[in-house]
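Structural description and commentary
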There are 2 protein chains.
Amino acid sequence: MTYFSEASSAEVVNARMGAQTDPRLRAVMHALVTHLHAFIKDVEPTTEEWEAAIAFLTKTGQMCSDTRQEFILLSDVLGVSMLVDAINHRRPDGATENTVFGPFHVDGAPERAMGETISLDGKGESCLFEGRVLDLDGNPIQGAVVDVWSDNEDGFYDVQQPDIQPQWNNRGVFRTGVDGAYRFRGVKPVSYPIPDDGPVGQMLEQVGRHPWRPAHMHFLVTADGFEPITTHTFVAGDPYLESDAVFGVKHSLIVPCEPVQGGETAWRSAFDFVLKPM
Amino acid sequence: MTYFSEASSAEVVNARMGAQTDPRLRAVMHALVTHLHAFIKDVEPTTEEWEAAIAFLTKTGQMCSDTRQEFILLSDVLGVSMLVDAINHRRPDGATENTVFGPFHVDGAPERAMGETISLDGKGESCLFEGRVLDLDGNPIQGAVVDVWSDNEDGFYDVQQPDIQPQWNNRGVFRTGVDGAYRFRGVKPVSYPIPDDGPVGQMLEQVGRHPWRPAHMHFLVTADGFEPITTHTFVAGDPYLESDAVFGVKHSLIVPCEPVQGGETAWRSAFDFVLKPM
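Cut-offs applied
- Throughout this document, residue positions are counted from 1 along each chain, in the order its sequence is written.
- Here every chain gets a letter starting at A, and every ligand a number starting at 1, in the order they are written.
- Local features in this predicted model are restricted to residues of pLDDT 70 or higher, and side-chain atom pairs are both shown and tallied only at a pLDDT of 80 or more, whereas totals for entire chains, interfaces and linings draw on every residue.
- Note that water and hydrogens are dropped before the side-chain values are worked out from all heavy atoms of the structure.
- Only runs of H or I of at least four residues qualify as helices and only runs of E of at least two qualify as strands under DSSP, and these elements are numbered from the N terminus.
- Any residue under 20% of the maximum accessible area for its type is buried, any over 50% is exposed, and the rest in between are partly exposed; the area is computed with a 1.4 Å probe on protein chains only.
- Any two residues having at least one pair of non-hydrogen atoms within 4.5 Å are treated as being in contact.
- Accessible surface area values rest on a Shrake-Rupley calculation with a 1.4 Å probe, where residue burial reflects the displayed protein chains alone.
- Within this scheme the basic residues Lys and Arg register as positive and the acidic residues Asp and Glu register as negative, but His and the chain ends are omitted.
- A charged residue contributes its charge at one atom only: NZ of Lys, CZ of Arg, CG of Asp or CD of Glu.
- Defined here as a combined quantity, buried area equals the accessible surface (1.4 Å probe) lost by two parts on assembly, summed across both.
- In what follows, salt bridge is the name for a side-chain nitrogen of Lys or Arg lying within 4 Å of a carboxyl oxygen of Asp or Glu.
- Here a polar contact is recorded for every N or O atom pair within 3.5 Å, except that within protein the pair must consist of a potential hydrogen donor and a potential acceptor, and residues adjacent in sequence are included only if both atoms are side-chain atoms.
- Gly is placed with the polar residues, together with every amino acid not listed as nonpolar (Ala, Val, Leu, Ile, Met, Phe, Trp, Tyr, Cys and Pro) or charged (Asp, Glu, Lys and Arg).
- Where a domain begins and ends is set by an automatic assignment or by a domain database.
- DSSP bridges decide pairing: two strands pair if at least two such bridges lie between them.
- The atoms used to superpose the copies are C-alpha atoms, taken from residues with pLDDT of at least 70 in both, and the fit is least squares.

Looking at the overall build of chain A
When helices and strands are tallied, chain A shows six helices and twelve strands. Looking at chain A as a whole, 53% of its 278 residues qualify as buried. Sequence separation of 24 or more characterises 71% of the internal contacts of chain A that already satisfy a separation of 6 or more. Accessible surface, chain A as shown: approximately 12,200 Å² in total, 53% of it carbon and sulfur. Charged side chains of chain A number 21 positive and 40 negative; the gap between the two group centres comes to 4 Å.

Structure below.
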């Protein structure tokens, strides 16, 4: 086990860790090396393929900037972000399921009165979002904070278009009363592509995948004594529901967007959130 | 299988690949996703650990430049480079074993006459390197090209110190005659650390590993009709032989560096190369 050999490669590498290594780091590195070497042995890459992998990882890192995180995109399109999210948010039947947080949340969005609109530019088809925040027994939760954000009619969040959209466009924070209800107006979200002009976009193209996410409204629902929920509601009927580039869709989160006749909005999306106690 | 679930995560991701995907790419991606998800399920990372992994990969990419390849370093210290090398250079018993190429070879080193020195700055303890290039039956190979390179007494290659060392210092190309013999003077190589001022160096420190490589002479031996050999000879007795940071040492490549009494060099390192036919 002292010197490297193909047969015992992972064991040789793992045996090198020092005795004082943090136990959690040791466990993670041991598993990483074991699975990584098993992958290499499965595919037996040529030297040229190994060089291509090095070049891909290098380009992915170099694409990262203050406004672009290509390694998170890579994690997203490989299903890793959703898997980590699922592992960390296992919930009992009946509780609202989590999905990925995404990169577009902004802390400190303005708190608005129930029923107010979050669409500051007025662009897009108006939609009423309403429902209740409940505990597992169906009781309303008072004082729950419902933080929402979405793209606009053109498929962009305000932070992506600081020169075009007003700040806090399609964002808002609502606080439930004694009935646990929330209600706000916004625009019907539209599907949009994840950034695909980098190495991750090239990879998607090479494996015959598109970069689109189905239309969704983001929710972060918090309440004292309950586990926070980070999730989306997805617009039923969207053509990308079954092929979300980041695998965010869960069946329970698909919500009909119903046309409204003669109402103050053109559409209505109703969804109740069910929180698990801490 | 349409929507993501923790249980079927890898299958859902792999099912998304398009029918027209190149078969080799499909096989590699399928294995990557399968092993990557198995790793995640084994360690169940917290959200904070996932964020730390993203940050590590990002920093590793951003450390790369024209003169620094941190992802190759990462591959090296995880034993991946040696594993890919081993997979691509399986040889019969008796043939000289390969080891990693490393980043310091330069094409076009001057061809020198047998017996000449490659040490242009004269620094270090002089050492005679000699031996033969043979086929599997022990017959000498005429016209074999022996391309050699090493660090100097201070542990640096010429390309790392272009303002200090003369170009082609400790490099040279030798061509065997009818006896298959090679012979050149150089300096006794010294052990040196891989670059450890980046994320890979921090990782090594956290798992209780040092960045040192044992002293070695690089050889690239080629001959018409034979598989090229990329390898090192390691100086027997080096304190880092059993803990080479990049796992390059194989037992068969450890060569005694013997003191010479009254010779033209202080040391002598003798090693025969045995090439496998193409």
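Description of the interface of chain A and chain B
Many descriptions give the size of an interface as the accessible area lost when the pieces come together. At the interface, 71 residues of chain A touch 71 residues of chain B. Carbon and sulfur atoms make up 68% of the surface buried where chain A meets chain B, a total of about 6,400 Å² over both sides. It is Y3, F4 and R16 of chain A in chain A that bury the most area against chain B; as a group they hold 12% of the surface buried on that side. Along the contact surface separating chain A from chain B lie six salt bridges. Between R24 of chain B and E49 of chain A there is a salt bridge, with the nearest N and O atoms lying 2.7 Å from each other. The interface formed by chain A and chain B contains 28 residue pairs in polar contact (both at pLDDT 80 or more). Contributing elements (two or more residues each) for the side of chain A that touches chain B: α1 (9–14), α2 (23–43), α3 (47–62), α4 (70–77), α5 (80–88) and α6 (199–206) of chain A. Top element by residues in the side of chain A that touches chain B is α2 of chain A. It accounts for 17 residues. Partitioned by chemical class, the residues of the side of chain A that touches chain B number 39 nonpolar, 20 polar and twelve charged.

Concerning the domain arrangement of chain A
Domains assigned within chain A are domain 1 (1–44) and domain 2 (80–275). Computed from C-alpha atoms alone, the centre-to-centre distance between domain 1 of chain A and domain 2 of chain A is 41 Å.

A word on the sheet that holds strand β3 (residues 171–175) of chain A
Residue and element names in this part refer to chain A. The sheet built from five strands is open, its strands ordered β3-β2-β7-β8-β9 with mixed pairing. Every interior strand has two partners, whereas the edge strands, β3 and β9 (254–255), have only one. Of the pairings in the sheet, the one linking strand β2 (residues 145–149) to strand β7 (residues 216–222) comprises five bridges and is antiparallel in character. Across the sheet, residue D147 finds its bridge partner in β7, namely L220.

Thoughts on the pairing of strand β8 (residues 229–235) of chain B
Note on strand geometry: in a regular strand, side chains alternate between the two faces of the sheet. Residue and element names in this part refer to chain B. Counting buried positions along β8 gives seven out of seven residues, so the element sits mostly inside the fold. Residues of β8 alternate between two faces, with I229, T231, T233 and V235 on one and T230, H232 and F234 on the opposite face, all of them buried. Pairing of strand β7 (residues 216–222) with β8, which is carried by six bridges, proceeds in the antiparallel orientation. Each residue of the ladder has a partner; that of H218, found in β8, is H232. The loop that links β7 with its antiparallel partner β8 comprises six residues; one of these, G225, has a positive phi angle of about 85°. Pairing geometry for β8 and strand β9 (residues 254–255), over two bridges, is parallel. Within β9, the residue paired with F234 across the bridge is I254.

A closer look at the pairing of β2 of chain A
Residue and element names in this part refer to chain A. With five of five residues buried, β2 lies mostly within the body of the structure. Side chains V145, D147 and W149 project from β2 onto one buried face, and the interleaved V146 and V148 project onto a second face that is buried too. Of the strand pairs in this sheet, β2 and β3 are connected by five bridges, and their pairing is antiparallel. The residue of β3 that forms the bridge with V148 is G172.

Digging into the relation of the copies chain A and chain B
Between chain A and chain B, the superposition needs a rotation of 180° and an axial shift of 0.0 Å, giving an RMSD of 0.0 Å. Seen this way, the second copy is the image of the first under a two-fold rotation axis. The position closest to the rotation axis in chain A is occupied by the C-alpha of G61 of chain A, lying 2.0 Å away. A shared interface surface links the copies, since 100% of the contact residues of chain A are contact residues in chain B too.

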